[in-house]
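Here is how the chains run, residue by residue.
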Amino acid sequence: MSLTTRSVPVAAAMTVCPDCGLILRSPRLRPHLVAVCPRCAQALRRYRHNPVQKGLALSLTGLLLYLPANLLPLMTFSVLGIESRGSIVQACGHMFASGQSFIGLIVALTTLVFPLAILSGLLLITLGLSRQRKAAWMPALFRSYHHLTEWAMTDVFLVGVLITIIKMSHMAAVTLNPGFFCLVGLVVTTVAAQTVIDPPLFWSRMEEQEPQPSPLQTPADGTEPQPADLLACHGCHKLLPADYPQQSGRHRCPRCGHTLHPRKPNSINRTWALLATAAILTLPANLLPIMEVDYFGVPDRSTIMDGIIYFFQEGSYGIGLVIFVASVLVPLFKIVGLVIILLSIRYRWQSWLRHKAIMFRAIEFIGRWSMLDIFVITLLCSLAQFGFLSTISAAPAALYFTGVVLSTMFAALSFDPRLLWDAAAATETRQ
Ligand SMILES: [Zn+2]
Ligand SMILES: [Zn+2]
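Residues numbered from 1 in each chain as written. Chains lettered and ligands numbered in written order. Predicted model: local features only at pLDDT ≥ 70, side-chain atom pairs only at ≥ 80, totals over all residues. Heavy atoms only, no water.

- By the naming in an unreviewed UniProt entry, the protein is Integral membrane protein, PqiA family, taken from Desulfobulbus propionicus.
- In its Sequence similarities (unreviewed entry) section, the UniProt entry covering the protein states "Belongs to the PqiA family."
- According to its UniProt record, the protein has this under Subcellular location (unreviewed entry): "Cell inner membrane". (UniProt positions renumbered as here; feature names shortened; annotations may be inferred.)

**Quick word on the packing of aromatic side chains**
Now for step 1: Scanning the model with the defined rule gives 10 aromatic pairs in all.
Now for step 2: Plain terms: the ring middles of F142 and Y145 are 5.7 Å apart, the flat faces sit at 5° to each other, and that makes the pair stacked. With F142 and Y145 both in helix α5 (residues 137-149) and three residues apart, this pair spans about one turn of that helix. Across the pair, exposure class does not vary: F142 and Y145 are buried alike.
Now for step 3: Where F312 meets Y317, the ring centres are 5.7 Å apart and the plane angle is 55°; that geometry is what we call tilted.
Now for step 4: According to the relative accessible area criterion, Y317 is exposed, its value standing at 52%.
Now for step 5: The ring of Y347 has R346 lying over it, and the distance from NZ or CZ to the ring centre is 5.2 Å. (Phe/Tyr/Trp six-rings, centres within 6.5 Å; stacked < 30°, edge-to-face > 60°. Helix = DSSP H or I, 4+ residues; strand = E, 2+ residues; numbered from the N terminus. Buried < 20%, exposed > 50% of the residue type's maximum accessible area, 1.4 Å probe, protein only. Lys NZ or Arg CZ within 6 Å of the ring centre and 35° of its normal.)

**Things to note about the coordination of the zinc ion (ligand 2)**
Now for step 1: In the first shell of the zinc ion (ligand 2), the protein supplies C233 (SG), C236 (SG), C253 (SG) and C256 (SG), at 2.2 to 2.3 Å from the metal.
Now for step 2: Coordination at the zinc ion (ligand 2) comes from four donor atoms whose angles at the metal span 99 to 119°, giving a geometry best classed as tetrahedral.
Now for step 3: Read in sequence order, the donor residues for the zinc ion (ligand 2) give the motif C-x2-C-x16-C-x2-C. Of this pair, C233 sits in the loop between β8 (230-232) and β9 (239-241) while C256 sits in the loop between β9 and α9 (267-287), and the two are 23 residues apart along the sequence. (Donors = N, O, S within 2.8 Å, 3.2 Å for Na, K, Ca; no water. Tetrahedral: all angles 85-135°; square planar, octahedral: opposite > 155°, others 65-115°.)

**Considering the nonpolar core**
Nonpolar side chains in soluble globular proteins generally cluster together in the buried interior.
Now for step 1: In this structure, F157, V161 and L183 are the most contacted members of the largest nonpolar core, which totals 87 residues.
Now for step 2: Ranked by the residues each element gives to this core, the list is headed by helix α4 (residues 101-130), at 11 residues.
Now for step 3: Taken domain by domain, the makeup of this core includes at least three residues from each of domain 1 (49-211) and domain 2 (264-426).
Now for step 4: In this structure L183 touches A69, L74, I88, F157, L158 and V161, once residues within four positions along its chain are discounted.
Now for step 5: Counting 25 residues, the second-largest nonpolar core is a separate cluster that includes L353, A412, F415 and A424. (Core = buried A, V, L, I, M, F, W, Y, C linked by side-chain atoms within 4.5 Å. Domains from an automatic or database assignment. Contact = heavy atoms within 4.5 Å.)

**Let's talk about the UniProt feature "transmembrane region" (unreviewed entry) in the protein**
Now for step 1: Sites flagged by UniProt as "transmembrane region" (unreviewed entry) map to residues 55-82, 102-127, 148-166, 178-197, 272-291, 319-345, 366-388 and 394-413.
Now for step 2: Counted over residues 148-166, helix gives 79% and strand 0%. Its end C-alpha atoms are 30 Å apart.
Now for step 3: With 85% helix and 5% strand, residues 394-413 has end C-alpha atoms that lie 28 Å from one another.

**Some remarks on the coordination of the zinc ion (ligand 1)**
Now for step 1: Coordination of the zinc ion (ligand 1) by the protein comes from C17 (SG), C20 (SG), C37 (SG) and C40 (SG), over a distance range of 2.2 to 2.3 Å.
Now for step 2: Ordering the donors of the zinc ion (ligand 1) by residue number gives the pattern C-x2-C-x16-C-x2-C. Here the residue C17 occupies a position in the loop between β1 (14-16) and β2 (23-25), and C37 occupies one in the loop between β3 (34-36) and β4 (43-46), the gap between them amounting to 20 residues.

**Details of the side chain of S407**
Now for step 1: Following the sequence through the fold, S407 ends up in helix α14 (residues 397-414).
Now for step 2: Engagement of the side chain of S407 in a polar contact is seen with the backbone oxygen of V404, the distance being 3.3 Å.
Now for step 3: Excluding residues within four positions of it along the chain, S407 makes contact with L274, T277, A278 and L281. (Polar contact = N/O pair within 3.5 Å; in protein donor to acceptor, adjacent residues only side chain to side chain.)

**Section: the sheet that holds strand β5 (residues 75-79)**
Now for step 1: Strand order in the open sheet formed by three strands is β6-β5-β7, and the pairing between neighbours is antiparallel. Across the chains shown, the open sheet's two edge strands, defined by having one partner strand only, are β6 (82-86) and β7 (173-176). Strand-to-strand, the axes of this sheet are offset by a mean angle of 20°, without reference to chain direction.
Now for step 2: Alignment of β5 against β7, held across four bridges, turns out to be antiparallel. For S78, the partnering residue across the bridge sits in β7 and is A173.
Now for step 3: Strand contacts of helix α6 (residues 154-168): β5 and β7, with the helix running at about 15° to β5, the strand carrying the most contacts. (Pairing = 2+ DSSP bridges. Axes fitted to C-alpha atoms, helices over the stretch in contact; angles between N-to-C directions.)

**Points about the sheet that holds strand β12 (residues 390-394)**
Now for step 1: Taking strand neighbours across the sheet as the criterion, the three strands line up as β11-β10-β12 in an open arrangement whose pairing is antiparallel. The outermost strands of the open sheet, each flanked by one partner alone, are β11 (298-302) and β12. On average, each strand axis in the sheet is inclined to that of its neighbour by 20°, with strand direction left out of account.
Now for step 2: In this sheet, β11 lies alongside strand β10 (residues 291-295) in antiparallel orientation, the contact comprising five bridges. Among the inter-strand pairings, M291 is bridged to a residue of β11, identified as S302.

**Observations regarding unusual backbone geometry**
Both trends apply: most residues other than glycine have a negative phi, and most peptide bonds are in trans.
Now for step 1: A positive phi is found at N50, a non-glycine position, where the angle reads about 50°.
Now for step 2: Take N50: its relative accessible area is 39%, and that puts it in the partly exposed class.
Now for step 3: Even without being a glycine, R348 presents a positive backbone phi close to 50°.
Now for step 4: With respect to the helices and strands, the residue R348 is situated in the loop between α11 (317-346) and α12 (353-366).

**Some details on a nonpolar patch on the surface**
Now for step 1: On the surface, F312, Y317, L321, V325 and L329 cluster together into a nonpolar patch covering about 450 Å² of accessible area.
Now for step 2: Within the element layout of this structure, F312 appears in helix α10 (residues 304-314). (Patch = residues over 30% accessible without salt bridge, like charges linked within 9 Å, V, L, I, M, F, W, Y side chains within 5 Å. Areas by Shrake-Rupley, 256 points an atom, 1.4 Å probe, with all protein chains shown as cover. Salt bridge = Lys/Arg side-chain N within 4 Å of Asp/Glu carboxyl O.)

**A short note on the pattern of salt bridges**
Here the idea is simple: oppositely charged side chains can pair when their charged atoms come close.
Now for step 1: The full count for this structure, using the stated rule, is nine salt bridges.
Now for step 2: For R368, the salt bridge goes to D155, with nearest N and O atoms at 3.0 Å. Placement of the pair is R368 in the loop between α12 and α13 (372-383) and D155 in helix α6, with a sequence separation of 213 residues.
Now for step 3: Among the ionic pairs, E207 bridges to K238, the shortest N-O distance being 2.6 Å. With E207 in helix α8 (residues 199-209) and K238 in the loop between β8 and β9, the pair connects residues that are 31 residues apart, well separated along the chain.
Now for step 4: Take K238: its relative accessible area is 8%, and that puts it in the buried class.
Now for step 5: Connected through shared salt-bridge partners, E207, K238 and R255 make up one network.

As structure tokens, this is what we get:
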């Protein structure tokens, strides 16, 4: 750990935990070590070797695989000589063509648009950093990259492809096509590219390229600034003085341009509203049929639970369990977990604070995995079309279920976990 001296600007030697707001001295990183917040156990920073070059190589490889992974057919299903195959782009197009435009749009954004955006963004940023180029667009692009990482879901989609293969292998012969292998490569490179980079290092390099006057200096008496005197940017986690001056009428971070707030505005009310929306949508999502299978012209509609029971009856316990966890337990855990956190702020419950912080991070992490069922339905609707033999289409609950996933994800995004620690600190001060 490095100590702050009077001659060094505090901003360079201090850091903030984004999850609990604790002000810490910047850790000195060593290979294989992770800096962890002592209060909420959030991993603050990991040692990365050559993050710029590795990020550049992996994002470029990912971009090369992007088009074949999305345009080439993923797999072929054949039943009694009738073959059905398709690519990711065709699967999205099929949802639009069959009147499920909203689901088609969400699938297209999460599997086509956002993955392309994060790979291109990462390529431009690492290219700029490796050439020591000074570009005003880099901080804004890196901030957007962070916002989009949660919404780029090729990894979830790949698990959806695997579930579709297992589901279809009961009734059709399945052949894997080149698109499938390119998709595996795309997922591996995208996840690796996001893992090898070192965001705090990238931010500091961008700042070096475009030097900002450091507004935060050690007070003349040698004491360290107190949390109340500081403001952390939500976008890049830069520490600034609480009275940081407004520029052209707006309170913005000098490094990344994000609007500055001590805490996310209206966080509690927005989270409650989104949770209420999710809870209401959960009812039709689970009670109405989510998929319609037409065998020889006889329609058979099934709910989420029917689909899970089907896998258990067929003996595919593993897949049945994965769908049960992703479609039933995860949305329920997200809603109940966030309600417990909001109530503990409302009633200032001080116990299990660290556990609640860890639970919130789990809610944030698993949020996107609930899209699994929607991806499986999209793939089945477009790839399992066998003419007069059988066709599959999405039923009304698919739309409501997508609404549940989106509203719980937005609820987790609206919530500011530092409020949990603020409420506990306020209670302690009062006592
Ligand atoms: Zn913390
Ligand atoms: Zn910032």
